[in-house]
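Coordinate analysis (summary)
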Amino acid sequence: KPKMDILECIIVAQFIDIINGLLPSPDAAKQPSNAHLERLYVFALMWSLGASLELEDRVKFQGFLEEKGGLSLPKCEDTTTIFEYYVTDDGEWAHWDSKVVEYVYPQETIPRYDSIPVLCVDTTA
């Protein structure tokens, strides 16, 4: 069950917005392969249908997708879910932490609280 009630048309619109944002223009020099397109489709699906789900419901949603089969889902470890992966420019699944740069706390100064980045799956592009 979602965290809040959302009209189905909003979920569809969100899917369309995500997939349109991920697809290259038709006249781009490099077009994605079918496997790459499928992964982009799955990514848009999980972040449109699954975005408003609680964490335990996201696990159930992942189980549903795995049970139906036939989709190119990321290979998750025991402690991860599909929501922790993104599609690289090469069309491969990668864990979001591969994009996170280690934060080194400054030793000479005390940073302002609002300047300290908190990087997580929801804030890393």
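Conventions adopted
- Residues numbered from 1 in each chain as written.
- Predicted model: local features only at pLDDT ≥ 70, side-chain atom pairs only at ≥ 80, totals over all residues.
- Heavy atoms only, no water.
- Helix = DSSP H or I, 4+ residues; strand = E, 2+ residues; numbered from the N terminus.
- Contact = heavy atoms within 4.5 Å.
- Areas by Shrake-Rupley, 256 points an atom, 1.4 Å probe, with all protein chains shown as cover.
- Lys, Arg positive; Asp, Glu negative; His and termini not counted.
- Charge placed at Lys NZ, Arg CZ, Asp CG, Glu CD.
- Axes fitted to C-alpha atoms, helices over the stretch in contact; angles between N-to-C directions.
- Left-handed = near helix turned anticlockwise from the far one by under 90°.
- Nonpolar A, V, L, I, M, F, W, Y, C, P; charged D, E, K, R; others polar.
- Phe/Tyr/Trp six-rings, centres within 6.5 Å; stacked < 30°, edge-to-face > 60°.
- Buried < 20%, exposed > 50% of the residue type's maximum accessible area, 1.4 Å probe, protein only.
- Lys NZ or Arg CZ within 6 Å of the ring centre and 35° of its normal.

The helix and strand tally for the protein chain stands at 3 helices and 2 strands. What you see in the protein chain, going N to C, is helices and strands ordered as α-α-α-β-β. Seen through its C-alpha atoms, the protein chain measures out along the principal axes to roughly 55 × 40 × 30 Å. For the protein chain, the share of sequence-separated contacts (at least 6 apart) that also reach a separation of at least 24 residues comes to 50%. In the structure as shown, the protein chain presents an accessible area of about 9,100 Å², 57% of it carried by carbon and sulfur atoms. Distance between charge centroids for the protein chain: 3 Å, based on 10 positive and 21 negative side chains.

Time to look at the packing of helix α1 (residues 8-22) against helix α2 (residues 34-49). Their axes nearest at 9 Å, the elements α1 and α2 cross at an angle of 145 degrees. Between α1 and α2 lies a crossing of right-handed hand. Along its contact with α1, which presents Ile11, Gln14, Phe15, Ile18, Ile19 and Leu22, the element α2 presents Leu40, Tyr41, Phe43, Ala44, Leu45, Trp47, Ser48 and Leu49. Here the residues of the contact of α1 with α2 are counted per class, giving 12 nonpolar, 2 polar and no charged.

Per the counting criterion, the structure on display carries 3 aromatic pairs. Pairing phenylalanine 61 with phenylalanine 83 gives two aromatic rings, centres 6.4 Å apart and planes at 40 degrees, and the pair type is tilted. Of this pair, phenylalanine 61 sits in helix α3 (residues 55-68) while phenylalanine 83 is found in the loop between α3 and β1 (85-87), placing the two residues 22 residues apart along the sequence. The two residues phenylalanine 61 and phenylalanine 83 agree in class, both being buried. A network of ring pairs unites the aromatic residues Trp47, Phe61 and Phe83 as a single cluster. Stacked on the ring of phenylalanine 83, the Lys or Arg arginine 58 has its end atom at 4.9 Å from the ring centre. The side chain of lysine 99 reaches across the aromatic face of tyrosine 86, ending 5.0 Å from its centre.

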